[in-house]
Amino acid sequence: NAGVMQNPRHLVRRRGQEARLRCSPMKGHSHVYWYRQLPEEGLKFMVYLQKENIIDESGMPKERFSAEFPKEGPSILRIQQVVRGDSAAYFCASSPAGVYADTQYFGPGTRLTVL
Amino acid sequence: AQSVAQPEDQVNVAEGNPLTVKCTYSVSGNPYLFWYVQYPNRGLQFLLKYITGDNLVKGSYGFEAEFNKSQTSFHLKKPSALVSDSALYFCAVRDGERAAGNKLTFGGGTRVLVKP
């Protein structure tokens, strides 16, 4: 009964490189959410996806950031041309569909460091 | 718009004493309220939630929270704190109206330190 899985757990990139963060939701969950946690701050919503659909991307920066949740495989958060300000912990959460969709379960996070 | 305030950055309590972590919220529709705990370098663990029903909600590890609509509060409580409860606690809110979507808005977090 695996929980939400994220990889890698730690990612180091140099400025200008691309970062790809992966999230596999809990078994049976079809909703995925991405949040960002800056040092000493709370989590900020980025994007909410269902299979093959972006439902709410109101928290995504307008440039360089994109997310997908394909029919097969994990959800991917992609950051192009990373800058030092992108250094943060990125958390994925998942929930089931329907009446139990209200509770989101979080993965261990990916800690991105941009040099 | 929805928002959450956790007025205390840190709460210190002696082991065995009651623990309270404060949370107030603002949301236009019906509030869905959550508490999560985060241990160092770990993800968030779900503790409890209020959706509807009894104002006193019981959750994991002996924690409970009381929903107070008039004061727009959802304070987390534990009658007798343990050293192992030392962690970062987050309150979160979601607007229960379907059109508002599922995104959670988090407070800034409260660090709890339980001393032996």
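Everything here concerns the structure above.
Residues numbered from 1 in each chain as written. Chains lettered and ligands numbered in written order. Predicted model: local features only at pLDDT ≥ 70, side-chain atom pairs only at ≥ 80, totals over all residues. Heavy atoms only, no water.

**Student:** Help me get a handle on the overall build of chain B, residues and values and all.
**Tutor:** Within chain B one finds zero helices and twelve strands. For chain B, the α and β elements follow one another from N to C terminus as β-β-β-β-β-β-β-β-β-β-β-β. In terms of overall dimensions, chain B is globule-like: its C-alpha atoms have a radius of gyration of 14 Å, near the 13 Å expected for 116 residues. Across its three principal axes, chain B shows a C-alpha extent of roughly 45 × 30 × 20 Å. Going through the 116 residues of chain B one by one, you find that 47% of them count as buried. When the accessible surface of chain B is split by element, carbon and sulfur atoms take 47% of a total near 5,600 Å². Distance between charge centroids for chain B: 5 Å, based on 12 positive and 9 negative side chains. (Helix = DSSP H or I, 4+ residues; strand = E, 2+ residues; numbered from the N terminus. Rg over C-alpha atoms; globule rule 2.2 N^0.38 Å. Buried < 20%, exposed > 50% of the residue type's maximum accessible area, 1.4 Å probe, protein only. Areas by Shrake-Rupley, 256 points an atom, 1.4 Å probe, with all protein chains shown as cover. Lys, Arg positive; Asp, Glu negative; His and termini not counted. Charge placed at Lys NZ, Arg CZ, Asp CG, Glu CD.)

**Student:** An account of the state of the cysteines is needed here, citing residue identities and associated values.
**Tutor:** Taken as a whole, this structure holds two disulfides over all chains when the rule is applied. With a sulfur-sulfur separation of 1.8 Å, cysteine 23 of chain A is cross-linked through a disulfide to cysteine 92 of chain A. Taking the torsion about the sulfur-sulfur bond, which here is approximately -55°, the covalent link between cysteine 23 of chain A and cysteine 92 of chain A counts as left-handed. Here cysteine 23 of chain A, found in strand S3 (residues 19-24), pairs with cysteine 92 of chain A, found in strand S9 (residues 88-95); they are 69 residues apart in sequence, far enough to count as distant. According to the relative accessible area criterion, cysteine 92 of chain A is buried, its value standing at 0%. Note that cysteine 23 of chain B is cross-linked by a disulfide to cysteine 91 of chain B, the S-S spacing being 2.0 Å. (Disulfide = S-S within 2.5 Å.)

**Student:** Describe the interface of chain A and chain B, and please don't skip the residues or the numbers.
**Tutor:** On the side of chain B, 20 residues touch chain A, which itself brings 23 residues to the contact. Here chain A packs against chain B, burying approximately 1,600 Å² in sum over the two surfaces, 51% of which is carbon and sulfur. Contact with chain B buries surface across chain A, with Leu43, Asp102 and Phe106 of chain A losing the most and accounting together for 32% of the total. For the interface between chain A and chain B, the tally reads zero salt bridges. At the junction of chain A with chain B, the criterion picks out eight residue pairs in polar contact (both at pLDDT 80 or more). Among the secondary structure elements, those contributing two or more residues to the side of chain A that touches chain B are strand S4 (31-37), strand S5 (43-50) and strand S10 (105-106) of chain A. For the side of chain A that touches chain B, the element with the most residues is S4 of chain A, which contributes four residues. (Contact = heavy atoms within 4.5 Å. Buried area = accessible area lost by both parts, 1.4 Å probe. Salt bridge = Lys/Arg side-chain N within 4 Å of Asp/Glu carboxyl O. Polar contact = N/O pair within 3.5 Å; in protein donor to acceptor, adjacent residues only side chain to side chain.)

Interpretation note: all reported values are geometric properties and have no functional meaning in isolation.
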